[in-house]
Structures are given as C-alpha cells and as structure tokens.
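Residue-level listing of the chains:
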Amino acid sequence: MSFQEQIKKTTSLGFFEGQVPLNYKYTMGVAGERFFQTLRDKGDFIASKCPECGTMAIYPLIYCEECFAEIKDYVSVGLTGELYSWTECSSDFKGARHEKPHLLGMVRFQGVQGGIIHRLDVPLSEIAIGMKVIAVLRPSSQRKGSLDDIQCFKKA
Ligand SMILES: [Zn+2]
C-alpha cells in the first residue's frame, strides 16, 4: 500500500499481533538530577526558584513555566507538605488485587507549584485534604537517588 492509496472500509483493515522489544531510559534532566541527588545525599526536597518572577516548582525546572527565564537557583522546601489530593488503590497495574488497599496522595509544598505523588501511611479514618504530612525517607545508606528513597508520607 502506498501513500496515495486509502482504506475506505474498516472491513479492509487487518492487524497482526506481536511484541516490539524496546528498551529506553528516561533521563531526569539537569534539575531532576539535582533534586534526586539532594534527596539522596542530604535527605531534603528542593524546588527551583525563578530569578525573574520568583515562581518555585517541584519537581525543579531549568526554565520557568511562567516567564521562561533560565533557572539556576534551587531552594530547600523541607520534607513537610500539605495533602492536596489522595486516592485508595485496590489493585496493581496488572489488575492483581492488593491484600490491603494502598493509599496514594499528592503532596504540595507552601508557595511551590507542582507536588510529589507517593504512598501515604496515614490511617484511612484520619486522612483529610490539607493535613500536614512529612516524608519518611529510607536510611541514607540505602538511598539511591530515586523516588523510592521516599518510603511514604505520614502525618506530620
Ligand atoms: Zn519566572
């Protein structure tokens, strides 16, 4: 079939099944790498801070999404944030049921755009939008510079 031919009836369509073996690495980027290095080495969260408009963002950026200024400044925001949203998850991405539902939340930080989505270790009866939560990190010797360096967020 060439570019000039067209399929006019859906009954003319065919398909084949198979798998395409692809491997890829998704890079964190300059600011993302700095975020995870800081998490691993200092046990802290950093946000980017725009030198022009002051907008702060997590995950950090190298260019401001508001005014497009280049960002080279990063500031500590600590490990305590506010629960912005949450959900209960009963099964994994393959559909297998969890023995006990997992709680996931989006945590935002004071004055910072964006946030971190991660596991919550908060009793279901105590969860409330806006509650203060703090990240529980793995011991420094076990951190690898990844999102898994955070074990969960618990009630602050
Ligand atoms: Zn800006």
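Residues numbered from 1 in each chain as written. Predicted model: local features only at pLDDT ≥ 70, side-chain atom pairs only at ≥ 80, totals over all residues. Heavy atoms only, no water.

Undergrad: Would you explain the environment of Ala135 in this entry?
TA: Mapping Ala135 onto the fold places it in strand E8 (residues 132-137). Residue classification places Ala135 among the buried positions, given a relative accessible area of 8%. Separated by 91 residues in sequence, Ala135 and Asp44 have C-alpha atoms that sit 9.4 Å apart. Look past the residues within four positions of Ala135 in its chain and what remains in contact with it is Phe45, Leu79, Ile150, Cys152 and Phe153. (Helix = DSSP H or I, 4+ residues; strand = E, 2+ residues; numbered from the N terminus. Buried < 20%, exposed > 50% of the residue type's maximum accessible area, 1.4 Å probe, protein only. Contact = heavy atoms within 4.5 Å.)

Undergrad: What's the story with a nonpolar patch on the surface in this structure? I'm lost.
TA: Taken together, the side chains of Val30, Ile62 and Tyr63 define a hydrophobic patch exposed on the protein surface, amounting to about 300 Å² of accessible area. Locating Tyr63 in the fold gives a position in the loop between strand E2 (56-58) and strand E3 (73-76). Take Tyr63: its relative accessible area is 45%, and that puts it in the partly exposed class. (Patch = residues over 30% accessible without salt bridge, like charges linked within 9 Å, V, L, I, M, F, W, Y side chains within 5 Å. Areas by Shrake-Rupley, 256 points an atom, 1.4 Å probe, with all protein chains shown as cover. Salt bridge = Lys/Arg side-chain N within 4 Å of Asp/Glu carboxyl O.)

Undergrad: Sorry if this is basic, but what is going on with helix H1 (residues 29-42) here?
TA: Residues three or four positions apart in an α-helix share a direction because the helix packs 3.6 residues into each turn. Helix length check: H1 (14 residues) gives 19 Å between terminal C-alpha atoms against 20 Å at 1.5 Å per residue, within 8%. Taken together, the buried positions of H1 are occupied by Ala31, Gly32, Phe35, Phe36, Thr38 and Leu39. All buried residues of H1 fall inside an arc of 155 degrees around its axis, so they share one side. Set apart from the buried face of H1 by more than 90 degrees, the exposed residues are Val30, Asp41 and Lys42. Lining the buried residues of H1 we find strand E1 (46-49), E2, E3, strand E7 (116-121), E8 and strand E9 (150-155). In the stretch just after H1, Gly43 is the one whose phi turns positive, near 65 degrees. (Expected span 1.5 Å × (residues − 1). Arc of directions from axis to C-beta.)

Undergrad: Explanation requested: the sheet that holds E8 in the structure shown.
TA: The strands that make up a sheet are held in pairs by hydrogen bonds between backbone atoms, and each pair lies either parallel or antiparallel. Within the closed barrel, the five strands sit side by side as E4-E5-E7-E9-E8. Their pairing is mixed. Averaged over neighbouring strand pairs, the angle between their axes works out to 50 degrees when direction is ignored. Summarising the sheet, strand E4 (residues 80-91) and E8 pair through three bridges and their orientation is antiparallel. Note on E8: the bridge partner recorded for Glu82 is Lys132. (Pairing = 2+ DSSP bridges. Axes fitted to C-alpha atoms, helices over the stretch in contact; angles between N-to-C directions.)

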